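Chain by chain, the residues run as shown.
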Amino acid sequence: MIALRIQHRTTYRYQRQVSLGPHRLMLRPRENRDLRVVSHEVRINPAASLTHSQDVFGNSVAAAVFGVSVDMLVIDSVTQLQLGAEPWPVFDVAASAISYPFRYADDEQTDLGALMFQQYSDRNGRLRDWTWAFVGGVRTDTLALLKDLSVGVSRWINYQSRDDEGVQSPVETLDRGWGSCRDFAVLFVEAARCLGFGARIVSGYLFVADASVSGSSSAGSTHAWAEVYVPGAGWITFDPTNRSVGGYNLIPVAVARDIRQAMPVAGSFVGPSDAFLSMSVEVEVTAQA
């Protein structure tokens, strides 16, 4: 197990006093067999009333309600955790799913639901044609296919950091030939769904212990990747940005059908249309002795 400290600070600045609407915070990592949260604290200036809940995916959500007008808002999240994922995991895929194509069990198909259906338009079959080129034959090894698809995303698309909000559609990413980690993740998930897999977006943090890792220029950063459901193995992590399988350096915060459902901080303000000045995000993921 490795001990990590994550500090995630979001700062909003306004040109004049504004009234803040409720803000939705998704900042607490998801605990699992390989990840244990030791402590998690959110400090907000100005002070806010916080309530906690879980969304439909089981993500931890905090709602912040404010009672004063401000010209600056700072949301500072600090998490201490232990991470112990294997760097080279072995997946016990069910015999029925070793070769693609396979059919999910009826209950699995029902429960996966919308996670099996594409969320973006592919009117001219651009994504479909690109995706099916990875299928090697009538019977293809399932894990090999998914690994090839993940590597194919990073071979086809050049990584480029984007600070602006939103995400490119998969077809836009294919046509432009570049994108950020969230564009890579969305393209991979939509391609997997195109092949009939249940897949979901994951947002969280990337721990950087190697300068060759894409998606961060410092000790860590926010990051986006994907998970695909394979019978027997369960949800398998794929990071197409870095061509990796498994989550040994990934700290998940939220899983979702669509990346818009996994924003770390979302909110509103009431004031003049030109009141908003800037937003900055600072993230540091560091190993603890």
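Our subject is the structure listed above.
Tell me what's going on with the side chain of T79, and back it up with residues and numbers.
Position of T79 among the secondary structure elements: in strand β6 (residues 69-83). Polar contacts involving the side chain of T79 include one to the side chain of H40, which spans 2.8 Å. Here T79 is in contact with L4, R5, I6, L27, P29, V37, S39 and H40, once residues within four sequence places are set aside.

So what's going on with the pattern of salt bridges? Which residues, and what values?
Throughout the structure, instances matching the rule amount to 13 salt bridges. Between E190 and R193 there is a salt bridge, with its nearest N and O atoms 3.0 Å apart. Remark: R193 and E190 occur in helix α5 (residues 181-194); sequence separation between them is 3 residues, near one turn of the helix. Given the relative accessible area of 4%, R193 is considered buried. Several salt bridges converge on common partners, so that one network encompasses R9, E41, R43 and D76.

Mind laying out empty space enclosed by the protein, listing which residues take part and the relevant values?
Under the counting rule described, the total for this entry stands at 1 cavity of 30 Å³ or more. Along its surface, the largest cavity is lined by Q119, Y120, V186, V189, E190, R193, I201, R257, D258 and I259. Classifying every residue of the lining of the largest cavity by side-chain character gives 5 nonpolar, 1 polar and 4 charged.

Which residues make up the sheet that holds strand β12 (residues 220-230), and what values do they have?
If you trace the 5 strands from one edge of the open sheet to the other, you get β14-β13-β12-β11-β15, paired in antiparallel fashion. Bordering the open sheet on either side are β14 (244-245) and β15 (250-256), each of which pairs with just one other strand. Of the pairings in the sheet, the one linking strand β11 (residues 198-207) to β12 comprises 10 bridges and is antiparallel in character. Bridge assignment links L206 to a residue of β12, and that residue is S221. Contacting β12, β13 (234-239) and β14, helix α3 (residues 142-156) crosses the sheet at an angle of about 30° to β13. Sheet strands touched by α5: β11, β12 and β13. Its angle to β12, the strand with the most contacts, is close to 5°.

Any details on the layout of surface pockets? Residues and values, ideally.
Of the pockets and cavities examined, the second largest pocket occupies roughly 640 Å³. In this structure, the second largest pocket is lined by 26 residues; those nearest its centre are N32, R33, D34, W235 and T237. Mapped onto the lining of the second largest pocket, the elements with two or more residues apiece are β12, β13 and β15. Among the residues making up the lining of the second largest pocket, the classes are represented as 13 nonpolar, 5 polar and 8 charged.

Run through the sheet that holds strand β16 (residues 265-266), naming residues and quoting values.
Adjacent strands of a sheet form backbone hydrogen bonds with each other and so pair up, either parallel or antiparallel. With antiparallel pairing, 4 strands are arranged side by side in an open sheet as β4-β5-β2-β16. Across the chains shown, the open sheet's two edge strands, defined by having one partner strand only, are β4 (49-54) and β16. Both β4 and strand β5 (residues 60-65) contribute to a ladder of 6 bridges, which runs antiparallel. Paired with H52 across the bridge in β5 is A62.

Would you mind going over the packing of α3 against α5 in detail, with residue names and values included?
At a closest axis distance of 10 Å, the pairing of α3 and α5 adopts a crossing angle of 145°. Here the hand of the crossing between α3 and α5 comes out right-handed. Contact residues: L146, L149, S150, V153 and S154 in α3; F184, L187, F188, A191 and A192 in α5. Residues that form the contact of α3 with α5 fall into these classes: 8 nonpolar, 2 polar and no charged.

Cut-offs and rules
Residues numbered from 1 in each chain as written. Predicted model: local features only at pLDDT ≥ 70, side-chain atom pairs only at ≥ 80, totals over all residues. Heavy atoms only, no water. Helix = DSSP H or I, 4+ residues; strand = E, 2+ residues; numbered from the N terminus. Polar contact = N/O pair within 3.5 Å; in protein donor to acceptor, adjacent residues only side chain to side chain. Contact = heavy atoms within 4.5 Å. Salt bridge = Lys/Arg side-chain N within 4 Å of Asp/Glu carboxyl O. Buried < 20%, exposed > 50% of the residue type's maximum accessible area, 1.4 Å probe, protein only. 1 Å grid on protein atoms, 1.4 Å probe; cavity = no way out; pocket = protein on both sides within 12 Å on 5 of 7 lines; lining within 4 Å. Points joined across faces, edges and corners; volume = space filled by probe spheres on them. Nonpolar A, V, L, I, M, F, W, Y, C, P; charged D, E, K, R; others polar. Pairing = 2+ DSSP bridges. Axes fitted to C-alpha atoms, helices over the stretch in contact; angles between N-to-C directions. Left-handed = near helix turned anticlockwise from the far one by under 90°.

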